[in-house]
Amino acid sequence: DTGVSQNPRHKITKRGQNVTFRCDPISEHNRLYWYRQTLGQGPEFLTYFQNEAQLEKSRLLSDRFSAERPKGSFSTLEIQRTEQGDSAMYLCASSSGFGAFFGQGTRLTVV
Amino acid sequence: SQELEQSPQSLIVQEGKNLTINCTSSKTLYGLYWYKQKYGEGLIFLMMLQKGGEEKSHEKITAKLDEKKQQSSLHITASQPSHAGIYLCGADQGAQKLVFGQGTRLTINP
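## Digging into the overall build of chain A
A count of helical and extended segments in chain A gives 0 helices and 11 strands. When its helices and strands are written in sequence order, chain A yields β-β-β-β-β-β-β-β-β-β-β. Taken against the 2.2 N^0.38 rule, which gives 13 Å for 111 residues, the C-alpha radius of gyration of chain A at 13 Å falls within 12% of a compact globule. Taking the principal axes of the C-alpha coordinates as reference, chain A spans close to 35 × 25 × 20 Å. Within chain A, buried positions represent 47% of all 111 residues. A separation of at least 24 residues holds for 51% of the contacts in chain A among residues at least 6 apart in sequence.

## Considerations on the pairing of strand E11 (residues 104-109) of chain B
All names here are of chain B. Burial of the side chains of E11 is restricted to one face: Thr104, Leu106 and Ile108 are buried, whereas none of Arg105, Thr107 and Asn109 on the reverse face is. Examined bridge by bridge, strand E2 (residues 10-14) and E11 share 5 bridges and lie parallel to one another. Bridge pairing in E11 places Ile12 opposite Thr107. Both strand E9 (residues 85-92) and E11 contribute to a ladder of 3 bridges, which runs antiparallel. If you follow Gly85 over to E11, its bridge partner there is Leu106.

## Focus: the side chain of A:Gln37
All names here are of chain A. Here Gln37 shows up in strand E4 (residues 31-37). On the basis of relative accessibility, which here comes to 9%, the residue Gln37 falls in the buried class. A distance of 2.9 Å separates a polar side-chain atom of Gln37 from the backbone oxygen of Gln41.

## Concerning the pairing of strand E3 (residues 19-25) of chain B
Residues and elements named next belong to chain B. Burial along E3 is one-sided: Leu19, Ile21, Cys23 and Ser25 are buried, while Thr20, Asn22 and Thr24, pointing the other way, are not. The sheet contact formed by strand E1 (residues 4-7) and E3 spans 4 bridges and is antiparallel. Within the sheet, the bridge partner assigned to Leu4 lies in E3 and is Ser25. Sheet topology places E3 next to strand E8 (residues 71-76); 6 bridges connect them, and they run antiparallel. Across the sheet, Ile21 pairs through a bridge with Leu74, a residue of E8.

## Re the environment of A:Leu77
Residue and element names in this part refer to chain A. Structurally, Leu77 can be placed in strand E8 (residues 75-79). Accessibility expressed as a relative area gives 0% for Leu77, which makes it buried. Sequence-wise, Leu77 and Lys57 are 20 residues apart; in three dimensions their C-alpha atoms are separated by 12 Å. With residues up to four places along the chain from it excluded, the contact list for Leu77 reads Val19, Thr20, Phe21, Trp34, Leu46, Phe65, Ser66, Ala67 and Tyr90.

## Quick look at the sheet that holds strand E3 (residues 19-24) of chain A
Residues and elements named next belong to chain A. One open sheet holds the 4 strands; their spatial order is E1-E3-E8-E7, and the pairing between them is antiparallel. Among the strands making up the open sheet, the edge pair consists of strand E1 (5-7) and strand E7 (65-68). On average, each strand axis in the sheet is tilted by 15° relative to the strand beside it, whichever way the strands run. With 5 bridges connecting them, E3 and E8 associate as antiparallel partners. Of the residues in E8, the one forming a bridge with Arg22 is Thr76.

## Quick look at the sheet that holds E1(B)
Hydrogen bonding along the main chain pairs the strands of a sheet, whether they run parallel or antiparallel. All names here are of chain B. Read from one edge to the other, the open sheet built from 5 strands follows the order E1-E3-E8-E7-E6, with strand pairing classed as antiparallel. Among the strands making up the open sheet, the edge pair consists of E1 and strand E6 (55-58). The average undirected angle you get between the axes of adjacent strands in this sheet is 15°. Strand direction decides the pairing type here: strand E7 (residues 61-65) and E8, joined by 5 bridges, are antiparallel. Within E8, the position partnered with Ala63 by the bridge is Leu74.

Reading guide: rules and limits
- Residues numbered from 1 in each chain as written.
- Chains lettered and ligands numbered in written order.
- Predicted model: local features only at pLDDT ≥ 70, side-chain atom pairs only at ≥ 80, totals over all residues.
- Heavy atoms only, no water.
- Helix = DSSP H or I, 4+ residues; strand = E, 2+ residues; numbered from the N terminus.
- Rg over C-alpha atoms; globule rule 2.2 N^0.38 Å.
- Buried < 20%, exposed > 50% of the residue type's maximum accessible area, 1.4 Å probe, protein only.
- Contact = heavy atoms within 4.5 Å.
- Pairing = 2+ DSSP bridges.
- Polar contact = N/O pair within 3.5 Å; in protein donor to acceptor, adjacent residues only side chain to side chain.
- Axes fitted to C-alpha atoms, helices over the stretch in contact; angles between N-to-C directions.

Here it is as structure tokens:
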């Protein structure tokens, strides 16, 4: 068990570009979550999946954001037409129903 | 919606001293998680509390959930430099979806 894995760890992009992040959960964890964390704040919930079904989306997830978990294993989070306000740490977590375990995060900087 | 308030927001203690971090909820807590985060990194799971009056310990860290289930505390005994970081409490909103406090930044001075 290697824990939750996120790639890339860091991403710098120009405003207006699209970016995609990947999360590989702990194997056999059926729930997968995405959070966003800005400097000095706690993480904020974005969305979560149970298996391949996206069950809830936060109002923070604008229409420029889309998340998928096509086979109920890894997940991707895509941000289209990035804005400077999208700069943040994007965290993924997984759970089998007891405890939520986080990855190392992807730090996005939009310049 | 549920909100969590952590206090203090930052804490500087001498190595070897004890310390306490508090997490107060605006609503009843049905599951309360404590995490530690190093700057720029992910969250490390410390403990989860569910029952009022519950107390759990891991090495020199003890966490409690009060009887009314609206406040939790994290206590570190004989602090060490390795305890430095940001401590976050998170409340379970159902299905392990968490709402977090703003964090407490802990600095340990030698």
